[in-house]
Amino acid sequence: MSHQTSHATSGTTRRAVLTAGAGAVAAGAASTGQATAAVPGQGPGRGHGGRPATAQSPSRELRALLKEIDPGRIEATVRKLASFGTRHTLSVQDDPVRGIGAARDWIFAEMQKYAEASGGRMTVELQSYIQEPASRIPVATRITNVVATLRGSVTPERVYVVSGHYDSRVTDVMDATSDSPGADDDASGVAVSMELARVMATRRPAATIVFAAVAGEEQGLYGATHMAAQYKAAGTDVQGMFTDDIVGSPKADDGALDPYTIRLFAEGVPSSETPEQAATRRSVGGENDSPSRQLARFVRDTADNDATGMNVRVIYRRDRYLRGGDHIPFLERGYPAARFTEPAEDFAHQHQDVRVEDGKQFGDLPEFCDFDYIARVARVNGAALWTLAQAPGTPKNAKIVTSNLTNSTELVWDRGTEPYLAGYEVVWRETTVPEWTHVIEVGDVTRHEVDLSKDNVFFGVRAVSRNGAKSPVAFPVPQR
């Protein structure tokens, strides 16, 4: 491990940084040689239509992967899942054509087909447990997640998860028999997870990627809670989790279309925050710099571009009002996680009995999904996941040295173990700016000093691979 101290000599003096001013996205991009031209789907916080200083251009390998995502296959998956009548968690589990059991068995069989092309790198399991009577679970019920794991070829101990829930519901959350096609909520998210599993099965990510279809979401996040608990009990290093829930349509209830935007909900104050961590946050800030916010910024950096054709609209909250998703159990266990959801929901096609009322069709039917849109959402997920898996892991134990009063900033962190790790970058921004605006290369070191006061800006550290792929940013905490 290197313990040398490196000193920036160009573009990092206090005068140069302070005169740049808040929101200097373009200046930050220029300092790293990054292009600042506008990209498809510009979003808030971009800075005059430019890209963030931390943006990463898609590699040829990634572009080839994303081109394989097939809207036709996604449509077939959504329609097949809707064909099981109901996928309610409490529905029948031993009928071969109707109910959640039939859907489970079909998903499992499809995932196994994908795994056959992986050369043994992908394994598929039925992760089951018996849920005793609890909220919205009146009798003991078997809940089963279908989990396909593509083992990393270099650092398999580092894990990233993408998930959708395959259970469905109608108006009455306890109605387990009425038709509940659940096309948008959430066959669309399952289709994203399955299509990515199919496309990535033939490839060799450096880190492990998990593609899941979970049950029990509508009854209370039961399947995802079990999966997250299993990872936590095993000490699994889950460095990122995405749930795709209601990603099937860009059409709002008033007919307005936003076909090139996907929302990404990311919490600020961590759900798992301890009292000691809260005290530190209140003292030095960081409400907008949780691991999940850094994960969301990473998605913007890697998936908001011409390779996906999408704008990733990050929403600074854990989820929508009165709603929750399968990322929450991961957040509660300290894992970085976020939720993808379509830009404006049409509630006539969520959680509704299938019916026609005053000439209006209600119900979550496949006819209200846009399969080209779902494919673009899958490309956003794929761009983020593949880059996460190919880059080094997020730096661990990042700290700001605070043992002495000084107007410079000293950062320290642990060196990663990846054999393809090339070095690190230090990033910073004004405290009032949402995205990182300045980046400097600091080399293969574990300590760096910047001639800029830690009192005035936020700092971060990210790792860089030999091929240029970069990790999410680690936000440092005080080291006294």
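Presented here is a report on the structure given in the accompanying data block. (Residues numbered from 1 in each chain as written. Predicted model: local features only at pLDDT ≥ 70, side-chain atom pairs only at ≥ 80, totals over all residues. Heavy atoms only, no water.)

**Concerning the pattern of salt bridges**
This model, assessed by the stated rule, comprises 26 salt bridges. Asp-237 is the salt-bridge partner of Lys-396, the closest N and O atoms lying 3.6 Å from each other. Taken together, the positions of Lys-396 in the loop between helix 12 (371-390) and strand 12 (399-401) and Asp-237 in strand 6 (residues 237-244) put the pair 159 residues apart, joining distant regions of the chain. Given a relative accessible area of 44%, Lys-396 falls into the partly exposed group. Measuring nitrogen to oxygen at the nearest pair gives 3.4 Å for the salt bridge that ties Asp-245 to Arg-339. With a gap of 94 residues between them, Asp-245 in the loop between strand 6 and strand 7 (261-265) and Arg-339 in strand 9 (residues 337-341) connect regions that are remote in the sequence. Residue Asp-245 is classed as buried on the basis of its relative accessible area of 1%. Given a relative accessible area of 1%, Arg-339 falls into the buried group. (Salt bridge = Lys/Arg side-chain N within 4 Å of Asp/Glu carboxyl O. Helix = DSSP H or I, 4+ residues; strand = E, 2+ residues; numbered from the N terminus. Buried < 20%, exposed > 50% of the residue type's maximum accessible area, 1.4 Å probe, protein only.)

**Observations concerning the environment of Ser-118**
One can find Ser-118 in the loop between helix 5 (100-116) and strand 2 (122-131). The exposure class of Ser-118 is buried, given its relative accessible area of 1%. Along the backbone, Ser-118 and Leu-150 are 32 residues apart, and their C-alpha atoms lie at a distance of 8.2 Å.

**Some points on the sheet that holds strand 7**
One open sheet holds the 8 strands; their spatial order is 2-3-5-4-6-9-7-8, and the pairing between them is mixed. With one partner strand each, in any of the chains shown, strand 2 and strand 8 (311-315) form the two edges of the open sheet. For this sheet, the mean angle separating the axes of adjacent strands, direction not counted, is 25°. Of the strand pairs in this sheet, strand 7 and strand 8 are connected by 5 bridges, and their pairing is parallel. Residue pairing across strands places Leu-264 opposite Val-314, the latter belonging to strand 8. (Pairing = 2+ DSSP bridges. Axes fitted to C-alpha atoms, helices over the stretch in contact; angles between N-to-C directions.)

**Details of the sheet that holds strand 17 (residues 457-465)**
One open sheet accounts for 3 strands, arranged 15-14-17; its pairing is antiparallel. The open sheet has two free edges, formed respectively by strand 15 (438-443) and strand 17, since each of these has just one partner strand. Pairs of neighbouring strands in the sheet enclose a mean axial angle of 25°, with direction left out of account. Strand direction decides the pairing type here: strand 14 (residues 421-430) and strand 15, joined by 5 bridges, are antiparallel.

**Some remarks on the pairing of strand 4 (residues 155-165)**
Counting buried residues in strand 4 gives 10 out of 11 residues, a clear majority hidden from the surface. With 8 bridges joining them, strand 4 and strand 5 (residues 207-214) adopt parallel strand pairing. By the bridge assignment, Tyr-160 is partnered in strand 5 with Ile-209. Bridge analysis of strand 4 against strand 6 gives 6 bridges, and the strand direction is parallel. Residue pairing for strand 6: Val-161 is matched across the bridge by Met-241.

**Description of helix 10 (residues 291-303)**
Its 13 residues give helix 10 an end-to-end C-alpha distance of 18 Å, which sits within 8% of 18 Å, the value for a rise of 1.5 Å per residue. Counting buried positions along helix 10 gives 12 out of 13 residues, so the element sits mostly inside the fold. All buried positions along helix 10 are accounted for by Ser-292, Arg-293, Gln-294, Leu-295, Ala-296, Arg-297, Phe-298, Val-299, Arg-300, Asp-301, Thr-302 and Ala-303. (Expected span 1.5 Å × (residues − 1).)

**Regarding the packing of aromatic side chains**
What the rule picks out here adds up to 6 aromatic pairs. Centroid distance Phe-330 to Tyr-335: 6.1 Å. Interplanar angle 45°. Geometry classified as tilted. Look at Phe-330 and you get buried, because its relative accessible area is 0%. Taking relative accessible area as the criterion, Tyr-335 reaches 6% and is therefore assigned buried. For the pair Trp-413 and Tyr-424, a centre-to-centre distance of 5.3 Å together with 55° between the ring planes defines the contact as tilted. (Phe/Tyr/Trp six-rings, centres within 6.5 Å; stacked < 30°, edge-to-face > 60°.)

**Focus: the packing of helix 4 (residues 71-82) against helix 12**
Relative to each other, helix 4 and helix 12 sit at 110°, their axes nearing to 8 Å. Judged on the interaxial angle alone, helix 12 and helix 4 are roughly perpendicular. Two secondary-structure elements touch here, helix 4 through Pro-71, Ile-74, Glu-75, Val-78 and Arg-79 and helix 12 through Phe-371, Asp-372, Ile-374, Ala-375 and Ala-378. (Parallel < 35°, antiparallel > 145°, perpendicular 65-115°, else oblique. Contact = heavy atoms within 4.5 Å.)

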